[in-house]
Amino acid sequence: MTNVHRRDLLTWPILGPFLKWRHARTAMQAPLLLIAGLMIFDGLVGPRLAPKNLATVGVWLHYRGLVVLALLVAGNLFCMACPFMLPRQVGRWLRERLFGGGRNVPAALRNKWLAAGLVLVFFFSYEVFSLWSSPWLTAWIAVGYFLVAFLVDTVFRGATFCKYVCPLGQFNFFGSLISPLEIKVKEQTVCAACRTKDCIRGSSSNVRGCELWLFQERKAGNMDCTFCLDCVHACPCANVGLITRTPTAELWTDPFRSGIGRFSQRLDLAALVVIFVFGSFINAFAMIRPVYGLRENLARWLGTTSPVPGLALIFVIGLVVLPIVLVSGAAWLGRAPFVFRRSSFLPPLRQITARYIYALVPLGFGMWLAHYSFHFLTGALTVVPVAQSFLADVGLYRGAVQWGMGPVVPTDWLFPIEAVFMYAGATGSLIGAFQIARNQVESAPLPPNSGGNSLPPRLGGRGAVLAAAAPWMILTLLLLAFGLWVLVQPMEMRGTFMYSLPGG
Ligand code: SF4
Ligand code: SF4
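The rules behind each value
Residues numbered from 1 in each chain as written. Chains lettered and ligands numbered in written order. Predicted model: local features only at pLDDT ≥ 70, side-chain atom pairs only at ≥ 80, totals over all residues. Near = placed C-beta within 6 Å. Helix = DSSP H or I, 4+ residues; strand = E, 2+ residues; numbered from the N terminus. Expected span 1.5 Å × (residues − 1). Buried ≥ 20, exposed ≤ 12 C-beta atoms within 10 Å, placed from the backbone. Arc of directions from axis to C-beta. Contact = placed C-beta atoms within 7 Å. Nonpolar A, V, L, I, M, F, W, Y, C, P; charged D, E, K, R; others polar. Axes fitted to C-alpha atoms, helices over the stretch in contact; angles between N-to-C directions. Parallel < 35°, antiparallel > 145°, perpendicular 65-115°, else oblique. pLDDT = per-residue confidence, 0-100. Core = buried A, V, L, I, M, F, W, Y, C linked by C-beta atoms within 7 Å. Domains from an automatic or database assignment. Left-handed = near helix turned anticlockwise from the far one by under 90°. Pairing = 2+ DSSP bridges.

Points about the site of ligand 1
Near ligand 1, the surroundings consist of 14 residues, among which Cys191, Cys194, Cys199, Gln216 and Cys235 are the closest. Listing elements by their share of the shell around ligand 1, those giving two or more residues are α11 (188-193) and α12 (198-201).

Encoded structure:
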């Protein structure tokens, strides 16, 4: 018990009392709402050039870079301080007073398919409309985001927008699977004796329970958790903490998770993971110089002058065809140990896919980290001249605008930093594949005539585990090689004044 408490960040001085303060979240959201408002304003009426505009620099350089770094070192901090929650609160207030409490989201939509589709649409639109280069479009996306969050939560109960719609939230849920912190109970015995279950029901003092239907007593891991801390405030026994854990370890096992079920039975969640893993490679691949030649060749081959059909083909191959071929191939090969063991249980391909796909999460996250940190490290200081220029435009700054500012590390540090993220991600994936296989193979029923005795070493034990994990390990190494190749290509320096850098 003491050990667990020592690792609860809510017991730390300053940080703990702040996070346990009921208005901590609003105090974090308010400044972000102000920044979002300034970005929208500058995006709509400010400079048209992306590297000079607060909207494009703020969203495509800083927001994305800081989100992945926060997920790496802590957890889902962006959802914790999410400014889109504030219009949602207005929607909730209207819903409860004007619409009789609102409606439950239809059963057909209680899954991640809609969110997965929106993520795909976003990835494609980002390239087709060059969103990073348009302050105006970036500002309208932010306005649209606020409006949709408000409308969805005005009509539907709970945190429907966060759980089933928000593409940014889904990315944060995906990334937080590898994070070192988790909101969880400190003592299961305290929950067992608890009669009120306020963490899910809400307390009588008008503190709401978990809107994402994650019941602390049976919650496992970070999927769907917005780090909103409502459960922390609601629990009358102070039994919920912000606890440290082994990063990526939640991917290794497949317990029943409150509000989610088992990973291996959720094809929609597996599809979302596939999109984020393969999307990390396609997103970076689409900005390297060789792809511009490829897009021109595809346009010629398709008999069109528009680059859109060629880009669509790259996305269909990279995000649909290749993932289906590679992932089902790995799942098919991964059944070998069950066949060799003559196990009475041969897991269906879809179940193996939905289980082992989580082994690729660390590598996928490593690729996002490498890519976004590249942009962040080459353009982080751009915020200084852009803010100076913005303040000059509104009459609050009269000094010289220092447009020369941008990178925070020397150029030749970039590839080594990216490579470290990639190798760390690949290591996490190799360990993840092994641990998932160990968990699955060792729990598989033995052949009926084995009498429960251990199997011959050739077919059982560590050999069987390695055989089950091998296809996913090979897939990890193939993706790692592809990712490193992408990162050594000249990459477009979106959002900065530089055009491209080798080793990007
Ligand atoms: S977390 Fe708190 S409110 Fe929830 S079951 Fe445990 S003790 Fe009860
Ligand atoms: S209330 Fe739910 S979403 Fe919020 S921190 Fe607790 S478990 Fe996570």
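What about helix α8 (residues 135-155)?
What sets the pattern is the α-helix's 3.6 residues per turn: residues three or four places apart point alike. Between its first and last C-alpha atoms α8 spans 31 Å; for 21 residues at 1.5 Å apiece the expected length is 30 Å, and the two agree. Residues of α8 that are buried include every one of Pro135, Thr138, Ala139, Ala142, Ala149, Phe150 and Asp153, and no others. Mapping the buried residues of α8 onto a view down its axis gives an arc of 115 degrees, with all of them on the same face. Facing away from the buried side of α8, by more than 90 degrees, are the exposed residues Gly144 and Leu147. On its buried face, α8 is in contact with α3 (24-45), α4 (54-73), α6 (85-98) and α9 (160-165).

Here's the deal with the site of ligand 2
By nearness alone, every residue bordering ligand 2 is listed as Ile183, Cys210, Leu212, Leu214, Lys219, Cys225, Thr226, Phe227, Cys228, Leu229, Asp230 and Cys231. Residue classes in the shell around ligand 2 are distributed as nine nonpolar, one polar and two charged.

As for the packing of helix α19 (residues 361-379) against helix α22 (residues 461-488)
At a minimum axis distance of 11 Å, the contact between α19 and α22 shows a crossing angle of 5 degrees. As far as their axial angle goes, α22 and α19 are roughly parallel. Each of Leu363, Met367 and Ala370 in α19 lies in contact with α22, whose residues at this interface are Thr476, Leu479, Leu480, Gly483 and Leu487.

Details of the confidence of the model for the protein
Looking at the protein, pLDDT values average 89 and 92% of them are 70 or higher. In the model of the protein, strand β4 (residues 500-501) stands out as the element of lowest mean pLDDT, 45, in contrast to helix α10 (residues 167-176), which has the highest, 98. Every residue in residues 1-5 is under pLDDT 50, and counting partners more than four places away or in other chains gives five contacts. When the criterion is pLDDT under 50, residues 499-504 qualifies, and its contacts beyond four places in sequence or with other chains add up to 21 contacts.

Description of the nonpolar core
Nonpolar side chains in soluble globular proteins generally cluster together in the buried interior. Val273, Tyr356 and Val361 are the most contacted members of the largest nonpolar core, which has 128 residues in total. It is helix α14 (residues 267-285) that provides the largest number of residues to this core, a total of 14 residues. Shared between two domains, this core holds at least three residues of each, these being domain 1 (2-245) and domain 2 (263-501). Excluding residues within four positions of it along the chain, Val273 makes contact with Phe174, Ile357, Tyr358 and Val361.

What about α6?
With 14 residues, α6 should cover 20 Å at 1.5 Å per step; its first-to-last C-alpha distance of 19 Å lies within 8% of that length. Burial in α6 covers these residues: Met85, Pro87, Arg88, Gly91 and Arg92. Projection of α6 onto a plane perpendicular to its axis shows the buried side chains occupying an angular sector of 150 degrees, all on one side. Across α6 from its buried face, at more than 90 degrees, point the exposed residues Trp93, Arg97 and Leu98. The secondary structure elements touched by the buried residues of α6 are α3, α8 and α9.

Notes on the packing of α6 against α8
Where α6 meets α8, the axes come as close as 8 Å, and the angle between the chain directions of the two elements is 25 degrees. Regarding the angle of α6 to α8, the classification is roughly parallel. Remark: the crossing between α6 and α8 carries right-handed chirality. The residues of α8 that touch α6, namely those facing Pro87, Arg88, Val90, Gly91, Arg92, Leu94 and Arg95, are Phe146, Ala149, Phe150, Asp153 and Thr154. Residues belonging to the contact of α6 with α8 are distributed by class as follows: six nonpolar, two polar and four charged.

A few points about the environment of Gly428
Tracing the chain through its elements places Gly428 in helix α21 (residues 414-442). Here the alpha-carbon distance between Gly428 and Leu484, two residues 56 residues apart in the chain, equals 16 Å. Among residues more than four places away in sequence, those in contact with Gly428 are Ile178, Thr248 and Pro362.

Some thoughts on the pairing of strand β1 (residues 181-185)
Taking burial as the measure, the five residues of β1 include five buried ones, the bulk of the element. Residues of β1 alternate between two faces, with Leu181, Ile183 and Val185 on one and Glu182 and Lys184 on the opposite face, all of them buried. Pairing between β1 and strand β2 (residues 240-244): five bridges, direction antiparallel. Looking at the pairing, Ile183 lines up with Leu242 of β2.

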